[in-house]
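Descriptive structure summary
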Amino acid sequence: MKTLLAAGGPPATWPVLVEDYQRSVGADRGSLYLLEAGLPLAMAVGDFDSLSAEERERVFAAAASVHQSPAEKDDTDTQLALATIFAADPAAEVTIVGATGGRLDHLLANLWLGLEPRFQPFLPQFQLVDQQNCLSYYLPGSYEVAPVPGMKYLAFCCLTPVAELTLQNVKYELNRQAVLQPTAYASNEFLPGEMASFRFSDGVVAVIQSRDV
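Residues numbered from 1 in each chain as written. Predicted model: local features only at pLDDT ≥ 70, side-chain atom pairs only at ≥ 80, totals over all residues. Heavy atoms only, no water.

**Describing the layout of surface pockets**
Quantified by volume, the largest pocket comes out at close to 450 Å³. Elements supplying a minimum of two residues to the lining of the largest pocket: α3 (77-88) and α4 (104-111). Residues of the lining of the largest pocket, tallied by class, amount to six nonpolar, eleven polar and nine charged. (1 Å grid on protein atoms, 1.4 Å probe; cavity = no way out; pocket = protein on both sides within 12 Å on 5 of 7 lines; lining within 4 Å. Points joined across faces, edges and corners; volume = space filled by probe spheres on them. Helix = DSSP H or I, 4+ residues; strand = E, 2+ residues; numbered from the N terminus. Nonpolar A, V, L, I, M, F, W, Y, C, P; charged D, E, K, R; others polar.)

Set out below in structure tokens:
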């Protein structure tokens, strides 16, 4: 099921929502943002400590289901929401919005979702998207990447040490590069009319397509 997950970042950072999502899920304040955007709220997840009493009442009344957690917990609201989605629907395809563009600690927590062992079985199934960026995660293997319309740049961000990173059919190529620490190979580009291809044998890579404002 195609699922839109709204984290707590402001809707001003969201991309234009052109896809038809079958389900919308809010993490804490993201639940309110979905309602304000006129989207149906299938599930609201979190401790809801960022909402006033009136806002919580509105969210709880509108949500088809509510998963409320204690304020003191080990997970962020976004982690909890993503875990709840995959527990209910292991085949879900999740687009996460509102995960970037705000506090740096929230940004890092959201970026590192792809490094959590519990989410690694689902890495091909979720991505982080905002107005300027589209981020997908990859485990070792060989891949082709198609350009996202409107995005100019292509980055290969090694979130861990990575073995034998090879980039082909891109402006700047690499051949079996050993990456010893987290490294962002930024500002690469697609070749006209080409799919980009890459492979690596160990580690976790985030591929980011982006554009200038």
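**Concerning the sheet that holds strand β11 (residues 174-179)**
Strands sit in the order β8-β13-β10-β11 across an open sheet of four strands; the sheet is antiparallel. Every other strand in the sheet has two partners, leaving β8 (141-145) and β11 as the edge strands with one partner each. Going from strand to strand, the sheet's axes swing by 20 degrees on average, the running direction of each strand aside. Sheet analysis places β8 next to strand β13 (residues 196-200), joined by five bridges and oriented antiparallel. Within β13, the residue paired with E144 across the bridge is S197. (Pairing = 2+ DSSP bridges. Axes fitted to C-alpha atoms, helices over the stretch in contact; angles between N-to-C directions.)

**Thoughts on unusual backbone geometry**
Backbone geometry at N169 places phi at a positive 60 degrees, although glycine is not the residue there. Positionally, N169 belongs in the loop between β10 (162-168) and β11. Overall, N169 belongs to the partly exposed group, its relative accessible area being 30%. Unusually for a residue other than glycine, S187 sits at a positive phi of about 60 degrees. By the secondary structure assignment, S187 is in strand β12 (residues 183-189). According to the relative accessible area criterion, S187 is partly exposed, its value standing at 46%. (Buried < 20%, exposed > 50% of the residue type's maximum accessible area, 1.4 Å probe, protein only.)

**Remarks on the sheet that holds strand β5 (residues 93-97)**
Strands sit in the order β4-β3-β2-β1-β5-β6-β7-β14-β9-β12 across an open sheet of ten strands; the sheet is mixed. Here the strands that pair on one side only, and so sit at the sheet edges, are β4 (65-68) and β12. Averaged over all pairs of adjacent strands, the angle between strand axes in this sheet comes to 20 degrees, irrespective of strand direction. With six bridges joining them, strand β9 (residues 153-158) and strand β14 (residues 205-210) adopt antiparallel strand pairing. Residue pairing in the sheet places C157 in a bridge with A206 of β14. Here helix α1 (residues 29-36) sits on the sheet and contacts β1 (2-6), β2 (23-27) and β3 (43-46); the angle it forms with β2, its principal contact strand, is near 135 degrees. (Contact = heavy atoms within 4.5 Å.)

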